[in-house]
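Structural overview for review
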2 protein chains.
Amino acid sequence: MVDQPNIRDVAKAAGVSTATVSRALAQPGKVREATLKKVMDAVEKIGFVPNRQASMFRSRKSNTVILLVRDISNPFYLDIYKGVEEAAFAAGYKVLMGDAREDDERITHYIEAVRECHADGLILMIGSFPKKLLEQTDRLPPFVVALEEIDGLEAPTVRVDNVAAAEGAVAHLIAQGHKRIVHLTGPLDEHLGKTRLEGYRRALKKAGLPIDEALIMPGDFSLNAGYDQTAKLLEKGAHFSAIFASSDQMAIGAASALREKGLAIPDDVSLVGFDDTLIASIFYPPLTTVYQPRREIGRAAMAMMIRKLSAHAGDPVAVEEPLEDQQFLTELITRNSVAPFDDARPGT
Amino acid sequence: MVDQPNIRDVAKAAGVSTATVSRALAQPGKVREATLKKVMDAVEKIGFVPNRQASMFRSRKSNTVILLVRDISNPFYLDIYKGVEEAAFAAGYKVLMGDAREDDERITHYIEAVRECHADGLILMIGSFPKKLLEQTDRLPPFVVALEEIDGLEAPTVRVDNVAAAEGAVAHLIAQGHKRIVHLTGPLDEHLGKTRLEGYRRALKKAGLPIDEALIMPGDFSLNAGYDQTAKLLEKGAHFSAIFASSDQMAIGAASALREKGLAIPDDVSLVGFDDTLIASIFYPPLTTVYQPRREIGRAAMAMMIRKLSAHAGDPVAVEEPLEDQQFLTELITRNSVAPFDDARPGT
DNA sequence: TTGAAAGCGCTAACAA
DNA sequence: TTGTTAGCGCTTTCAA
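About the criteria used
- Residues numbered from 1 in each chain as written.
- Chains lettered and ligands numbered in written order.
- Predicted model: local features only at pLDDT ≥ 70, side-chain atom pairs only at ≥ 80, totals over all residues.
- Heavy atoms only, no water.
- Helix = DSSP H or I, 4+ residues; strand = E, 2+ residues; numbered from the N terminus.
- Buried < 20%, exposed > 50% of the residue type's maximum accessible area, 1.4 Å probe, protein only.
- Contact = heavy atoms within 4.5 Å.
- Areas by Shrake-Rupley, 256 points an atom, 1.4 Å probe, with all protein chains shown as cover.
- Lys, Arg positive; Asp, Glu negative; His and termini not counted.
- Charge placed at Lys NZ, Arg CZ, Asp CG, Glu CD.
- Salt bridge = Lys/Arg side-chain N within 4 Å of Asp/Glu carboxyl O.
- Buried area = accessible area lost by both parts, 1.4 Å probe.
- Polar contact = N/O pair within 3.5 Å; in protein donor to acceptor, adjacent residues only side chain to side chain.
- Nonpolar A, V, L, I, M, F, W, Y, C, P; charged D, E, K, R; others polar.
- Least-squares fit on C-alpha atoms with pLDDT ≥ 70 in both.
- Near = heavy atom within 4 Å.
- Pairing = 2+ DSSP bridges.
- Axes fitted to C-alpha atoms, helices over the stretch in contact; angles between N-to-C directions.
- Domains from an automatic or database assignment.
- Parallel < 35°, antiparallel > 145°, perpendicular 65-115°, else oblique.
- Left-handed = near helix turned anticlockwise from the far one by under 90°.
- Expected span 1.5 Å × (residues − 1).
- Phe/Tyr/Trp six-rings, centres within 6.5 Å; stacked < 30°, edge-to-face > 60°.
- Lys NZ or Arg CZ within 6 Å of the ring centre and 35° of its normal.

Identification of chain A as Transcriptional regulator, LacI family from Cohaesibacter marisflavi is taken from an unreviewed UniProt entry.

Structure below.
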């Protein structure tokens, strides 16, 4: 690659100062039209591409936001990303996606990325946070939390009513006559895991059904957890006719374990997931699951971020509206993975 | 966020010059041990985090590589990414993943990202390239091509024998007695699409079977293409007992279309995919497919990139070994989506 | 082995 | 509306 021309070359070619070139490029409105044309022609002619590294460095802004998620391989986050990217693009921001993997070191790494000026802020979709960093609140970069809640971290949040969503899913199974329902939970030391479990309990309680703690299997949203915990249950000879998994991935994992034992879905065991990822509709049988408006959630989170950043920059225009938490509605999508409870095939 | 301390603060605290701090951080071997300790203590004490923006700007290196793929939502690329990331991490590089979506504008955008000094090089996993850019070869950033071939672009390449892989897959179907085999192709104006089709033709020819052009359905690797083209075929009342899809995603799409018509896999129609993504093993029935060593391919591509970059930087150490193309072996993974041809259930 | 000093390409006061 | 100028934080000669 040959040496790039710089802003001085453009200035020379256009017969203006470097400041004018800079302005013409960044704030075309602040430059006379004739000048703008001269600059643009020069840019075109010599093939100038601004060195963003330099401009970020100088202006101390990267116009980039990092979306930090639990597990980048969960397709759930792809739609979130798309929503974030839409809102970001419209406002001139770029988005980078980071994989936290529930690992404090990786999280710290991303926080440092902001300190190193790679990004202006963070959208967090993780359930815990390194204790070390929680203490230094004044050195934390701007962030927004989406769909999660982090103990000890006050932040503008995009929410969903997980208790109600889980309760609805389990109530659906109960309405189909199921009584012994397994719950494959999320991480139980975190908000998402706790609230969905709470919804599960509430649905059973409301229906006057007993809660068998042996049917509550701790997981972490991953495919493998779904498989392992279901296999364990089957090995123990547990009795159940339905499973409510806290993620589609876990539901799919559970399905594998069931099939290995020759159990059919939904004939022997009914199955409900959470998230309505692409895989839920592709799966055979198509999975009943809880839909969350991912795209909108992503957009809302980024919108919050933008407001937060402009407040940070001292821009008064955007601060009028306070950074209030926002709540979205979930919806139970019923497909073919749930069948009425059948006395002749009472599950396992 | 409070103001970050800078290198001068560290220098002051350690009682050395800024140049020494810079050296201590970047090339610890070039600094006396006692000095190194003084610097490190000062760094620790005042909580210094180097401003990467500044150092990249100054050194004109970002230690970042962009992995540009066809479609970020295809899980195939996740493992490639992991391989790239492994090799990159070991060499102190970071990896960003970009989504080309077969869109010249997006591709140009990523090329510019390198010119803007966001990244040092590109690993391309795309099948075409903006014509405009092809002409200015001397201004193109360092790149490596993986698994694809781009007309008009000479580049070190990581390959797989697509003809042989496709031929093997189709030969497997033929060995099971299938004679009328659909091929859902990749983009036919690109290397990947052409070579796999070539393998399909070759297998039929070798077996002495006729090639029915009506069974060759052009696609683009996407789920929707698999669905649409299969649905079209079924609507036309085409006869076939097996499908060879050029990607797992297309195979899954085809399966949906078949099921909607009440056709069972593999009882009525056998199905073979390509890539062996996670979904192939999770799918019901588990999908017979062509495995490519994605992780290794990613690692190899990044290794090439690193060598290319250090050659660029004039580092003579790494140039000994020439940048030769590298080839990896594929493997047919047989699962349960293929059954022997059954006269009683001759497909569609 | 270390320090002094120049300057990377750009932006942002300030002045004109 | 435009130009002049200082300097962001760091790396990198060059000299000591």
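In this section: the overall build of chain A. Scanning chain A from terminus to terminus reveals 13 helices and 12 strands. In terms of overall dimensions, chain A has a C-alpha envelope of 90 × 40 × 35 Å along the principal axes. For chain A, buried positions account for 53% of its 348 residues. Taking all contacts inside chain A whose residues are at least 6 apart in sequence as the whole, residues at least 24 apart take part in 70%. Of the accessible surface of chain A, which amounts to about 15700 Å², a share of 51% is contributed by carbon and sulfur atoms. Separation between the mean location of the 41 positive side-chain charges and that of the 48 negative ones in chain A comes to 6 Å.

So, on to the pattern of salt bridges. All names here are of chain B. Tallied over the entire structure, the rule returns 32 salt bridges over all chains. For Arg159, the salt bridge identified is with Asp325, shortest N-O distance 2.6 Å. Here Arg159, found in strand S5 (residues 157-160), pairs with Asp325, found in the loop between helix H13 (294-312) and strand S11 (326-328); they are 166 residues apart in sequence, far enough to count as distant.

On to the interface of chain B and chain A, then. Counting from both sides, the interface comprises 41 residues of chain B and, opposite them, 40 residues of chain A. Of the roughly 3900 Å² buried between chain B and chain A, counting both surfaces, carbon and sulfur atoms make up 63%. The interface formed by chain B and chain A includes zero salt bridges. In this structure, the connection of chain B to chain A is made through zero residue pairs in polar contact (both at pLDDT 80 or more). Contributing elements (two or more residues each) for the side of chain B that touches chain A: helix H4 (52-59), helix H5 (76-90), strand S2 (94-99), helix H6 (104-115), helix H11 (248-260) and helix H12 (278-282) of chain B. Its residues assigned to classes, the side of chain B that touches chain A shows 21 nonpolar, nine polar and 11 charged.

Once turned by 180° and shifted 0.1 Å along the axis, chain B lies on chain A with an RMSD of 0.2 Å. Accordingly, the operation relating the two chain copies is best matched by a two-fold axis. Closest approach to the rotation axis within chain B is made by the C-alpha atom of B:Tyr284, at a distance of 3.0 Å. A share of 98% of interface residues in chain B that are also interface residues in chain A marks the association as one of identical surfaces.

Looking at DNA strand C, there are 24 residues lining it, with A:Ile7, B:Thr20, B:Thr35, B:Arg58 and B:Arg60 nearest. Within the backbone of B:Arg32, a nitrogen or oxygen atom sits 3.0 Å from a phosphate oxygen of DNA strand C. Counting residues per element, the ones that place at least two in the surface near DNA strand C are helix H2 (18-26) and helix H4 (52-59) of chain A together with helix H2 (18-26) and H4 of chain B. Among the elements that line the surface near DNA strand C, the one with the most residues is H4(A), at five residues.

As a further point, take the sheet that holds strand S6 (residues 181-184) of chain A. All names here are of chain A. A sheet is described by the order of its strands in space; here four strands give the open sequence S7-S6-S8-S9, paired in parallel fashion. The strands lining the two open edges of the sheet, one partner per strand, are strand S7 (216-217) and strand S9 (270-272). Pairing of strand S8 (residues 242-245) with S9 involves three bridges; the strand directions are parallel. When the sheet's bridge partners are listed, Ala242 is paired in S9 with Ser270. The strands touched by helix H9 (residues 191-206) are S6, S7 and S8; relative to S6, the strand with the most contacts, the crossing angle is about 170°.

Let us look at the domain arrangement of chain A. Under the domain assignment used here, chain A contains domain 1 (7-59), domain 2 (64-155 + 294-328) and domain 3 (162-292). Taking only C-alpha atoms into account, the centre of domain 1 of chain A sits 59 Å from that of domain 3 of chain A.

Moving on, we come to the side chain of B:Thr157. Among the secondary structure elements, B:Thr157 is positioned in strand S5. Those residues in contact with B:Thr157, other than ones at most four positions away along the chain, are B:Val145, B:Glu148, B:Met304, B:Asp325 and B:Gln326.

Another aspect to go through is the environment of B:Leu287. All names here are of chain B. Structurally, Leu287 can be placed in the loop between H12 and strand S10 (289-291). By relative accessible area, which is 0% here, Leu287 ends up buried. Between the C-alpha atom of Leu287 and that of Arg335, which follows or precedes it by 48 residues, the distance is 5.5 Å. Residues within four places of Leu287 in sequence aside, it is in contact with Asp248, Ala251, Ile252, Leu271, Gly273, Ala280, Ile333, Arg335 and Ser337.

All names here are of chain A. What the six strands build is an open sheet, ordered S2-S1-S3-S4-S5-S11; its pairing is parallel. The outermost strands of the open sheet, each flanked by one partner alone, are strand S2 (94-99) and strand S11 (326-328). Geometrically, the sheet is characterised by an average inter-axis angle of 20° between neighbouring strands, direction not taken into account. Two strands pair when backbone bridges link them, and strand S1 (residues 64-69) and strand S3 (residues 121-125) are joined in this way by five bridges, in the parallel orientation. Bridge assignment links Ile66 to a residue of S3, and that residue is Leu122.

Residues and elements named next belong to chain A. Counting buried positions along S3 gives five out of five residues, so the element sits mostly inside the fold. Of the two faces of S3, the one carrying Gly121, Ile123 and Met125 and the one carrying Leu122 and Leu124 are both buried. Here S3 runs beside strand S4 (residues 143-146); their pairing, made up of three bridges, is parallel. Considered in S4, the bridge of Ile123 is made with Val144.

All names here are of chain A. Contact geometry of helix H8 (residues 162-175) with H9 gives a least axis separation of 7 Å together with a crossing angle of 40°. The orientation of H8 relative to H9 falls into the category oblique. Remark: the crossing between H8 and H9 carries right-handed chirality. Residues Asn162, Val163, Ala166, Glu167, Val170, Ala171 and Ile174 of H8 lie in contact with H9, whose contacting residues are His191, Leu192, Thr195, Arg196, Glu198, Gly199, Tyr200, Arg202, Ala203, Leu204 and Lys206. Looking at side-chain class alone, the contact of H8 with H9 contains nine nonpolar, four polar and five charged residues.

A word on the side chain of B:Thr20. Residues and elements named next belong to chain B. By secondary structure assignment, the location of Thr20 is in helix H2. Assessed through its relative accessible area of 16%, Thr20 is described here as buried. Aside from chain neighbours lying at most four places away, what touches Thr20 is Val31 and Thr35.

Turning to helix H6 (residues 104-115) of chain A, a few remarks are in order. Residues and elements named next belong to chain A. If you check H6, its first and last C-alpha atoms are 16 Å apart, about what 12 residues at 1.5 Å a residue would give, namely 16 Å. Contacts from the buried residues of H6 go to S1, S2, S3 and helix H7 (131-135). Here H6 starts with a cap whose side-chain oxygen sits 2.9 Å from the backbone nitrogen of Glu105, and that cap is Asp103.

A complete count under the given rule lists five aromatic pairs over all chains for this structure. When the centroid spacing of 5.0 Å and the interplanar angle of 35° are considered together, the rings of A:Phe57 and B:Phe57 count as tilted. Pair noted here: A:Phe57 is in helix H4 and B:Phe57 is in helix H4, and the two residues belong to different chains. Where A:Phe76 meets A:Tyr77, the ring centres are 5.3 Å apart and the plane angle is 80°; that geometry is what we call edge-to-face. The burial state of A:Phe76 is the same as that of A:Tyr77; both residues are buried. Of note, B:Lys308 hangs over the ring of B:Phe143, and the distance from its end group to the ring centre comes to 5.2 Å.

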